[in-house]
Amino acid sequence: MAEELLKITNLNKSFGMTHANNNICLTLEKGEIRCLAGENGSGKSTLTSIISGMQPFDDGSMVLNGKEYKPADPLEANARKVAMVVQELGVITALTGSMNIYLGQTDQFRRNGMVSTRAMGKAAEAIFDKWHIPKVPLGIPCAHLTMEQRKMVELARALDADPDLLILDEITQSLSHDTRKVIYELKDRFKQEGRSMIIISHDLEETVEISDSITILRDGEVVETVRSDGFTVDDLKQKMVGRKMEGDYYRTDTAPSYEESVLLDVKDLSLADGQLKNISLQLHKGEILGVCGLSDAGIHPLGSAIWGISDSKRSGLVKDGVTGKELKHPKDMIACGGSYLSKNRDEEGLMMEAEIRNNMYLPSMQELTGKMKFTSPAAVDRLAQKAYDDFDVKATSIHQPIGRLSGGNKQKINLGRWLVKDLNYIILDCPTRGVDVGVKAYIYSVLRKKKEEGVGILLITDELTEAIGMADRILVLKNGELAAEIERGEAFTESNIIEVMV
Amino acid sequence: MTKQQKSQVIFLAVFAAVLVICHLASKGIVLSGSNIVNVMLHAVFPMFAAWGMMFIFTGGLMDLSVGANLLLAGNVGALLANMGLGYAGLIIGAVVTAVLATQFTAHCAITFDIPAWVAGLGGALILEAILAQWANVMAASSNTLPALKNYRGLGKTPGAFILMAVGFVVAFLIFNKTSLGINLQAVGANPTVSKTMGINVRKTIILSTIIGGVFIGISGVNDISLAGKLSAITGLNSLGTISKALSATLLANSLINIFTKPVGIVISSVIVALLFNVLTIFGVPSGTWQNVCLGLLIILCGVLSHLNEKGVVK
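Quantities reported herein were computed from a predicted structural model and do not represent experimental measurements.

A. Main features of the environment of Ile10(B). Turning to its location among the elements, Ile10(B) is positioned in helix H1 (residues 3-25). C-alpha of Ile10(B) to C-alpha of Ala165(B): the two residues are 155 residues apart in sequence and 24 Å apart in space.

B. Structural view of unusual backbone geometry. Residue and element names in this part refer to chain B. Cis peptide bonds are those with omega within 30 degrees of zero, and the linkage from Thr157 to Pro158 qualifies with -5 degrees. In this structure, Lys27 is a non-glycine residue whose phi angle is positive, near 60 degrees. Residue placement: Lys27 occurs in the loop between H1 and helix H2 (33-57). The phi angle at Leu236 is positive, at roughly 65 degrees, despite the residue not being glycine. With respect to the helices, strands and loops of the structure, Leu236 is situated in the loop between helix H8 (201-227) and helix H9 (243-254).

C. Spatial organisation of the sheet that holds strand E9 (residues 165-169) of chain A. Residues and elements named next belong to chain A. If you walk across this open sheet you meet the six strands as E6-E9-E10-E3-E11-E12, and the pairing is mixed. Every interior strand has two partners, whereas the edge strands, strand E6 (82-85) and strand E12 (221-227), have only one. In this sheet, neighbouring strand axes are inclined to one another by 20 degrees on average, regardless of whether the strands run parallel or antiparallel. Its contacts with the sheet put helix H6 (residues 177-192) on strand E3 (33-37), E9 and strand E10 (196-200), and the angle it makes with E10 is roughly 145 degrees.

D. Just the interface of chain A and chain B, in detail. Contact with chain A, which involves 30 residues of that partner, is made by 22 residues of chain B. Between chain A and chain B, a total of about 2,200 Å² is buried, with carbon and sulfur atoms accounting for 64% of that surface. By the criterion of area lost to chain B, the three top residues of chain A are Ile92(A), Met114(A) and His144(A), representing 23% of everything that side buries. Applying the counting rule to chain A against chain B returns zero salt bridges. At the surface where chain A touches chain B, the tally comes to four residue pairs in polar contact (both at pLDDT 80 or more). Sorting the residues of the side of chain A that touches chain B by element identifies helix H2 (74-79), helix H3 (97-101), strand E8 (114-115), helix H4 (117-131) and helix H5 (147-159) of chain A as the ones contributing at least two each.

Procedures and definitions
Residues numbered from 1 in each chain as written. Chains lettered and ligands numbered in written order. Predicted model: local features only at pLDDT ≥ 70, side-chain atom pairs only at ≥ 80, totals over all residues. Heavy atoms only, no water. Helix = DSSP H or I, 4+ residues; strand = E, 2+ residues; numbered from the N terminus. Pairing = 2+ DSSP bridges. Axes fitted to C-alpha atoms, helices over the stretch in contact; angles between N-to-C directions. Contact = heavy atoms within 4.5 Å. Buried area = accessible area lost by both parts, 1.4 Å probe. Salt bridge = Lys/Arg side-chain N within 4 Å of Asp/Glu carboxyl O. Polar contact = N/O pair within 3.5 Å; in protein donor to acceptor, adjacent residues only side chain to side chain.

Distances and angles like these do not, on their own, reveal function.
Written out as structure tokens, the structure reads:
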């Protein structure tokens, strides 16, 4: 029988009236890869944050390697060889990568009272070498790194603790297909070396595939811990939501279905920094056009470039298919019934300190402004309340600050505030990143409904299954160029797309 | 040569070229030895005040009581110096006063969880009132606030320049090369993440404000050494005392892509002092057009330093 690494017994944690973790019992063996599954708000992140020392538990007990474990902070957890990479971006953008890796532990590089940044840089690079993770520029402020590179910095920080237990909270959601492989290889290495991992992922296929076992949580309680062998995604969905999921997430038809009329016409779109080169595409009425590619393929810059908010200078033509008007700025796009959801929801999409209400009405501000340029607070409230109700947001009211909501509820608001408008097309960059199976199913159902209403959807995604499941056509980008266009049908397979991507 | 080093060389070359042009246009006055010494002497005070603000502001505390603080600190230092304690009294008196005053506003902001600018303005009013009351008491006995007649070496050459060199080394090392400086930058950027990373946010802010207080105390010493006497000001007019230091801070922030903050403050303080000096030589009226020129310069530096900034490096 394998040796026990972590044993959690009757662990409880409450936030005011909310019982986030209720009598959690969990045992993890050495060399075991455990996934935690559950809807948003089921208590997964609370549990992992307790294990990693980010917050204390109310009562219960934890035993690590046979000794009582009650970390006061992440550094104490690191000292006991437990480390975690958190769900949302956790780097200080003003500091360099190496400073971020050793933040709070810079004293180890102190010589005569001064911190040797050179020694720190060398040590940071050594972590990347040791664990074979993709190198990132460590000497420049993290503000200049991509989201994926920042995640690698966070991962390196966690690995510096030489952890026996590494917790990854939805890290793969931020990573492209190729970088995820690095995580999978890391997982295999952990297993070989008798180290353990706890992984949270909303990609259920991934959850079943990469884990040895899965602990399912619902409403703060452990529903069941199962072995992954022979356990299916459908089984998992059912256990997570407590009922049988009706039908499938995705479309079941096998042929493209959209109208001929073009809603959005993009010709020879390029960015001066080379992230995009001569991309041309047409988005049709009622079409879901998927866009896939590896991390540097340019899929995410494509969305922001079409929307007109790229940092780099844009060339080429973006035209509204109905009016023929050239679209240069977000204002032009909004006037023509366009909308855009960034992948980086918390930094580029939502105002985290503001109320739900104020986040909700932003895209509709023009419609709500009267002739005298005044906005009626009652009209704003009505609109916000409608979107709030329509999208079944779980919060105390429209006046709750959005920053305190779960990822799924934030995304409902992020998407819902656009969908209350009369739209012609939507540019979605990873719309299901960080949301649970229930919200995911809901978002897909909304997109299918919008498709039926004739809305064109440009679906940029890191999830091949999502693109295959939802799109009429898929554009595959490689090194900033359009590498292939695949139409829904027999050729619509992961292997065909990956072949073009790599 | 890195991109940043290239930018530094270009900036300094342009700066030197502008100086030479001004020198020629002023018929040899701007770069004359006596004028350069004069400019540098007037750059020391805003430099120390700006370093002090750097340590206080970076942690997220926008404490605007700095002006009132250094006026009071300079006067306390002068009082102790005149009581026979000499330079030791001058420096210790000013520094201790400034540190206590910064701690007052910092603790108000942190303990009562009120915006730092509110605590700072409240602090400024209180400190101004203390100094004004002191002046009133002195006036009642036909006296004035202490004038520094002796011990003025730190306001003239070479004392002021030695002070500046030591201040620069200390500010640079603490801000860039110590755990406290790195932690301070982290706390200012994101206190939540910093706390998660094991940084003691409160301790970091308090220690940084203590260091900031030391620099402000020294700026008070330099100011009273240069001027000989610092008068009481009320009605938040003490903010005017630090207008050049605030300008230097703004300019240093504009140059952040070219120079680290402590270095940027040195350059900015010299530029601000030079600007006013050159404009005065050219007969530009002070207070109006000189400030317009300063404002334009800050904007220009901000635009130039961010010109080729990329959002993302692959």
